Number of protein chains: 2
Amino acid sequence: MEVTGHTRGPASIRDVAAAAGVSYQTVSRVINAHPSVRPATRARVLAAVEELGFRRSATALALARGRSRTVTVLTADTTHYGYASILRGVEEAARAAAYSVGVGVLESADEAAVAAEVRRAADVGGGLVVIAYDPAGVRALEAVPAGLPVVGVVETPASPPADDRPWVWTDDREAAYRATRHLLSLGHETVHYVAIPSDTRPASARIAGRRQALTEADAPQPPPVQGGWGPAGGYAAGLKLAGDPSVTAILCGNDDLALGVLRALHEAGRPVPGEVSVAGFDDAPHSAYLTPSLTTVRLDFTGLGRAAFALLHGALEESAPITPHPVSAPELVVRESSGRPGPTDGG
Amino acid sequence: MEVTGHTRGPASIRDVAAAAGVSYQTVSRVINAHPSVRPATRARVLAAVEELGFRRSATALALARGRSRTVTVLTADTTHYGYASILRGVEEAARAAAYSVGVGVLESADEAAVAAEVRRAADVGGGLVVIAYDPAGVRALEAVPAGLPVVGVVETPASPPADDRPWVWTDDREAAYRATRHLLSLGHETVHYVAIPSDTRPASARIAGRRQALTEADAPQPPPVQGGWGPAGGYAAGLKLAGDPSVTAILCGNDDLALGVLRALHEAGRPVPGEVSVAGFDDAPHSAYLTPSLTTVRLDFTGLGRAAFALLHGALEESAPITPHPVSAPELVVRESSGRPGPTDGG
DNA sequence: CTGAAAGCGCTTACAG
DNA sequence: CTGAAAGCGCTTACAG
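Rules used throughout
Residue positions are counted from 1 within each chain, in the order its sequence is given. Starting at A for chains and at 1 for ligands, labels are handed out in the order in which the entities are written. Given that the model is predicted, a residue must reach a pLDDT of at least 70 before its local features are reported, and side-chain atom pairs must reach 80 or more before they are shown or counted; all residues, however, enter totals for whole chains, interfaces and linings. For side-chain calculations, the full set of non-hydrogen atoms in the structure is used, while hydrogens and water are omitted. Axis lines are fitted through C-alpha atoms, for helices just across the contact stretch, and the angle between N-to-C directions can take any value from 0 to 180 degrees. We count a stretch as a helix when DSSP gives it H or I for four or more residues in a row; a strand needs E for two or more, and each element gets its number in order from the N terminus. The handedness criterion is simple: a crossing whose near helix is rotated anticlockwise from the far helix by less than a right angle is left-handed, and one whose near helix is rotated clockwise is right-handed. Working rule for contacts: check all heavy atoms of both residues, and any pair within 4.5 Å makes them a contact. Each residue gets one label: Ala, Val, Leu, Ile, Met, Phe, Trp, Tyr, Cys and Pro are nonpolar, Asp, Glu, Lys and Arg are charged, and the others, such as Gly, are polar. Being near a molecule or strand, for a residue, comes down to having at least one heavy atom within 4 Å of it. Identification of polar contacts relies on pairs of N or O atoms within 3.5 Å, with a donor-acceptor requirement for protein atoms, meaning one able to donate a hydrogen and the other able to accept it, and with residues adjacent in sequence counted only if both atoms are side-chain atoms. A helix's residues, less one, multiplied by 1.5 Å, set its expected span. Remark: exposure states derive from per-residue accessible area (1.4 Å probe, protein chains only) relative to the maximum for the residue type, with buried under 20%, exposed over 50%, and partly exposed in between. Geometric relationships in this document are graded by angle, where less than 35 degrees denotes roughly parallel, more than 145 denotes roughly antiparallel, 65 to 115 denotes roughly perpendicular, and other angles denote oblique. The arc in question is traced by the directions running from the helix axis to the C-beta atoms. UniProt positions are given in the numbering used here, feature names are shortened, and annotations may be inferred rather than shown by experiment. At least two bridges found by DSSP between two strands is the condition for calling them paired. With its strands directed away from the observer, a crossover is right-handed exactly when the path from the first strand over the helix to the second travels clockwise. For the least-squares superposition of copies, only C-alpha atoms count, and only for residues with pLDDT at least 70 in both. Domain delimitation in this document rests on an assignment produced automatically or drawn from a domain database. The predictor reports its confidence for every residue as pLDDT, a score running from 0 up to 100. A pair of aromatic rings is counted whenever rings of Phe, Tyr or Trp (Trp by its six-membered ring) have centres within 6.5 Å, and the orientation is called stacked for planes under 30 degrees apart, edge-to-face for over 60 and tilted otherwise. Working rule: Lys NZ or Arg CZ, within 6 Å of ring centre, within 35 degrees of ring normal, means a charge sits over the ring.

What's the story with the packing of helix α8 (residues 172-185) of chain B against helix α9 (residues 205-216) of chain B in this structure? I'm lost.
The geometry of a pair of packed helices is captured by two quantities: the angle between their axes and the separation between those axes. Residues and elements named next belong to chain B. Across the interface, α8 lies against α9 with an axial gap of 7 Å and an inter-helix angle of 35°. In the crossing of α8 with α9, the sense of the turn from one axis to the other is right-handed. Listed contacts from α9 to D172, R173, A176, Y177, T180, R181 and L184 of α8 are A205, R206, A208, G209, R210, Q212, A213, L214 and E216. Split by residue class, the contact of α8 with α9 holds seven nonpolar, three polar and six charged.

Before we go on, may I ask you to explain the protein's contact with DNA strand C in this structure?
Around DNA strand C sit 27 residues in total, of which S28 of chain A together with Q25, T26, R29 and T41 of chain B are the nearest. In DNA strand C, the atoms that sit within 4 Å of the protein are 55% sugar and phosphate, with bases accounting for the remainder. At a separation of 3.0 Å, a phosphate oxygen of DNA strand C approaches a polar side-chain atom of N32 of chain A. Those elements that place two or more of their residues in the surface near DNA strand C are α1 (13-20), α2 (24-31) and α4 (58-65) of chain A together with α2 (24-31) and α4 (58-65) of chain B. Tallied by class, residues from the surface near DNA strand C come to eleven nonpolar, ten polar and six charged.

Hey, could you run me through helix α5 (residues 81-96) of chain A in this one?
Think of an α-helix as turning once every 3.6 residues; residues three or four places apart then point the same way. All names here are of chain A. In this model α5 runs 22 Å from its N-terminal to its C-terminal C-alpha over 16 residues, within 8% of the 22 Å that 1.5 Å per residue would give. Of all 16 residues making up α5, twelve are buried, and the element is well covered by its neighbours. Taken as a whole, α5 has its buried residues at G82, Y83, A84, S85, I86, L87, G89, V90, E91, A93, A94 and R95.

Explanation requested: the side chain of S68 of chain B in the structure shown.
Inspection of the secondary structure assignment puts S68 of chain B in the loop between α4 and β1 (70-75). The residues touching S68 of chain B, leaving out its near neighbours within four places in the chain, are A62, V124, G125 and G126 of chain B.

Just checking my understanding: could you explain the packing of α5 of chain A against helix α12 (residues 301-316) of chain A for this structure?
All names here are of chain A. Following both chains from N to C, one finds α5 and α12 inclined at 45°, their axes separated by 7 Å at the closest point. Taken together, the axes of α5 and α12 are oblique relative to one another. Read as a crossing pair, α5 and α12 show a hand that is right-handed. Along the contact surface, α5 presents Y81, G82, S85, I86, R88, G89, V90, E92, A93 and A94, while α12 presents F301, T302, L304, G305, R306 and F309. When its residues are assigned to classes, the contact of α5 with α12 shows eight nonpolar, five polar and three charged.

I keep staring at α4 of chain B and nothing clicks. Help me out?
Among the residues making up α4 of chain B, those that are buried are T59, L61 and A62 of chain B. Here the buried residues of α4 of chain B occupy an arc of 165° about the axis, which is enough to place them on one side. In the core, the buried residues of α4 of chain B are packed alongside α4 and α6 (111-124) of chain A. Near the N-terminus of α4 of chain B, the side chain that reaches the backbone nitrogen of T59 of chain B, with its oxygen 3.3 Å away, is that of S57 of chain B. Positive phi appears at G66 of chain B, one or two residues downstream of α4 of chain B, with a value of about 80°.

What is the right way to look at the UniProt feature "domain: HTH lacI-type" (unreviewed entry) in chain A in this model?
Feature annotation in UniProt places "domain: HTH lacI-type" (unreviewed entry) on residues 11-65 of chain A, given in this structure's numbering. Note that residues 11-65 of chain A is 69% helix and 0% strand, and that its end C-alpha atoms are spaced 20 Å apart.

Can you walk me through the sheet that holds strand β10 (residues 295-298) of chain B in this structure?
Backbone-to-backbone hydrogen bonds pair the strands of a sheet. The strands run either parallel or antiparallel. Residue and element names in this part refer to chain B. Spatially, the six strands line up as an open sheet ordered β7-β6-β8-β9-β10-β11, and their pairing is mixed. Edge strands, defined here as strands with exactly one partner in the open sheet, are β7 (225-226) and β11 (331-333). Alignment of strand β6 (residues 192-195) against strand β8 (residues 249-252), held across three bridges, turns out to be parallel. Across the sheet, residue Y193 finds its bridge partner in β8, namely L251. The sheet strands contacting α8 are β8, β9 (277-282), β10 and β11, and the helix crosses β8 at an angle near 165°.

Explanation requested: the pairing of β1 of chain B in the structure shown.
Every other side chain in a regular strand lies on the same face of the sheet, so the side chains alternate between the two faces. Residues and elements named next belong to chain B. Counting buried residues in β1 gives six out of six residues, a clear majority hidden from the surface. Covered by surrounding structure in β1 are T70, T72 and L74 together with V71, V73 and T75, the residues of both alternating faces. As judged from the six bridges shared by β1 and strand β2 (residues 100-105), these two strands associate in the parallel manner. Bridge assignment links T75 to a residue of β2, and that residue is V105. After leaving β1, the chain enters helix α5 (residues 81-96) and then returns to the sheet as β2, a path that is right-handed. Pairing of β1 with strand β3 (residues 127-132), which is carried by four bridges, proceeds in the parallel orientation. Looking at the pairing, V71 lines up with G127 of β3.

Any chance you could explain the protein's contact with DNA strand D here in plain terms?
Taken together, the neighbourhood of DNA strand D is formed by 27 residues, with Q25, T26, R29 and T41 of chain A together with S28 of chain B sitting nearest. Counting only the atoms of DNA strand D within 4 Å of the protein, the fraction contributed by sugar and phosphate is 54%. R29 of chain A has a polar side-chain atom sitting 2.5 Å from a base oxygen of DNA strand D. Within the contact set of DNA strand D, a phosphate oxygen lies 2.6 Å away from a side-chain nitrogen or oxygen of S28 of chain B. Of all the secondary-structure elements, those providing two or more residues to the surface near DNA strand D are α2 and α4 of chain A together with α1 (13-20), α2 and α4 of chain B. Looking at side-chain class alone, the surface near DNA strand D contains eleven nonpolar, ten polar and six charged residues.

Would you mind showing me how to read the environment of A84 of chain B here?
Counting through the fold element by element, A84 of chain B comes out in helix α5. Ignoring anything within four residues of it in the chain, the contact list for A84 of chain B reads T78 and T79 of chain A together with T78 and T79 of chain B.

What am I meant to see in the relation of the copies chain A and chain B here?
The two chain copies are connected by a rotation around an axis plus a translation along it. Once chain A is rotated about the relating axis by 180° and shifted along it by 0.0 Å, it coincides with chain B to within an RMSD of 0.0 Å. In the structure described here, the two chain copies are related by an operation that fits a two-fold rotation axis. Every residue of chain A has its C-alpha some distance from the rotation axis, and the shortest such distance is that of G102 of chain A, at 2.0 Å. Most of the interface of chain A is mirrored in chain B, where 98% of its interface residues are also at the interface.

Explain the domain arrangement of chain A to me, please; I cannot follow it from the model alone.
How big an interface is tends to be stated in terms of accessible area lost as the parts join. The domain boundaries assigned to chain A delineate domain 1 (13-56), domain 2 (68-170 + 301-328) and domain 3 (172-298). Between the C-alpha centres of domain 1 of chain A and domain 3 of chain A there is a distance of 61 Å.

So what exactly am I meant to see when it comes to the sheet that holds strand β9 (residues 277-282) of chain A here?
Residue and element names in this part refer to chain A. In spatial order, the strands read β7-β6-β8-β9-β10-β11; together these six strands make up an open sheet with mixed pairing. Both edges of this open sheet fall to β7 (225-226) and β11 (331-333), since each of them pairs with a single strand only. As defined by bridge partners, strand β10 (residues 295-298) adjoins β11 across three bridges and the pair is classed as antiparallel. In the strand pairing of β11, R298 is matched with E331.

Please clarify how the confidence of the model for chain A should be interpreted in this entry.
Low pLDDT means the predicted coordinates in that region are not meant to be read closely. Overall, the prediction assigns chain A a mean pLDDT of 90, with 92% of residues at 70 or greater. Across residues 1-7 of chain A the pLDDT falls below 50, and counting only partners more than four positions away or on other chains, this stretch makes one contact in the model.

For this particular structure, what's the right way to read the packing of aromatic side chains?
Note on aromatic pairs: each is described by the distance of the centres and the angle between the planes. Inspection of the entire model under this criterion finds ten aromatic pairs over all chains. Their ring planes at 80° and their centres at 6.4 Å tell us that Y81 of chain B and F301 of chain B sit as a pair that is edge-to-face. Highlighted residues: Y81 of chain B in helix α5 and F301 of chain B in helix α12 (residues 301-316), separated in sequence by 220 residues. The partly exposed category is assigned to Y81 of chain B, whose relative accessible area is 26%. In this structure F301 of chain B comes out as buried when scored by relative accessible area, which is 5%. Among the aromatic residues, those joined into a ring-pair cluster are Y83, Y133 and W229 of chain A. R206 of chain A extends its terminal NZ or CZ atom over the ring of F281 of chain A, reaching a point 4.1 Å from the ring centre.

Below you can see the structure in the form of structure tokens.
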């Protein structure tokens, strides 16, 4: 029964129709699970689909429907832990819904460059998830033309999420509040902060959370020092702070920053946690294995990504299941890098 | 002159034609830079394109041409440094060539699951880059149907790269050779190895490189210990090795593994590099900031990703510029974690 | 140098 | 329940 001699190229809806002895519209109905098809007809079509290895063309579908089953993630970075984890969450959820996922990187925060990247992403025809943790991302979110389905992943919602442009976020305010309180409760006089770029915005939730904790404790409010995203920036910031003997507790915008700070303190001869306590954000995979292991606040980036997709999916398809998409609350993970202050408290 | 009252939706080729007073075929010629168009006509069309904000539909283009300007990266992971960097390299090159990039994650190495993921990626209609560093990726590369443009990113080429299915790789054999030699040259009797999953394959280039260095030095050849991809696996492997006092040098399949090993040695009370030397692969951003900072072999993953795209681009388009795509050779980076052996050599 | 026709593989009304 | 028509926005021959 070796009759697999198709003409050429993948089988189309018409090939299937011919094989099943029906019109191609009927094939369309079957593959779209349209109710009004006689069971016998359906069976014949399905058999032909199977036999020819038919796969419906996503491109043709997109052209005919005017919208493609694609979500493209716009982000300034794909390698740092938080960004990468959000991307992963989106991909997981998209895959489960049989969506394709694209990624566009915002190489620069330059207005024209960002606009170009947004256009390119829009050309793909699906929905957008914009990671707006940094200037480039924030700008991209603003540049998305009205009518294009988009959900933003933001640090702090700038205003109540509009129905047509929803946002997802983690409770960074609470996260910073808890971490600061933890450090304060250990007996530190105040808590310094090494900021990631997103914290630059006046409305930063983390800055606000830390401020609140500091205020409640009547502690001094030293200004945040900029650290960037990676270990190198943390190292530079750490060197600065290490020179000030009054500094005994440092909270960092992410674990990579904290790693750099740890190194700077080591070089400056200031033991952690003996003299200085350090905490980060994210709970990246390696943080538990550093020496000293890092106290941090675990943030559910993957859940955030999944939630973003769920929202987009709902906007894109009426019939999309309104799946619950819980984003776990930030969780303080206390490890070796934080302890009571004191010149020689080490045990 | 506020005449921006288009009917609805984005402008199509016909809208532009109407505005310019030509047929839509002429518009097609202009946007495709076809030579035979009168300059004056071209100018009129271009003006209309500008005025209407026309963007050619990628979907329609793909349907008409039978191929889309997309590259989708198939990978078992998007978060680990090596994988993420390759993805970034592909994205950079693809963006420069005005290609879209998609990503498909191989959640399981299960044959059926991998095949389904490959089909999904194929449905998108462009080319594929498959990261085949692990069983899932290797299987995916095999499952790609003939005729679909694909380039594999592999640890070791299994055979001379076929013309229709090229491969890119870093010289892992050389990298492992150099790292092992470095450790040996410090005076260690032999070098243990904590492997990443890709090293499981009998043809592993790294295993071969290390073996060669060991053989040349007439050193014992302890079998590799499996570590997985992350710090947790490195930690477990490190605990095992730490218990053996004869172990004084450990090479790890990647920097995350090395980080876990470092932690295990610390807990076991074996100072690095005083008693044991450790080296990794990759030179991840944080490796220079660990304490001790990590000796490692820098691998050009981003260049690898760019090279993979260049190859694919060439296969997809006759006219694609044959851009040189150099992948830097592995580079040994000596830091604090490696030193001369000896119970108490610490300075 | 430019226009009219057919087709890429589907879907969405419209008939029957 | 099923088929014939028109159209999604382009490109690719074919004419002129």
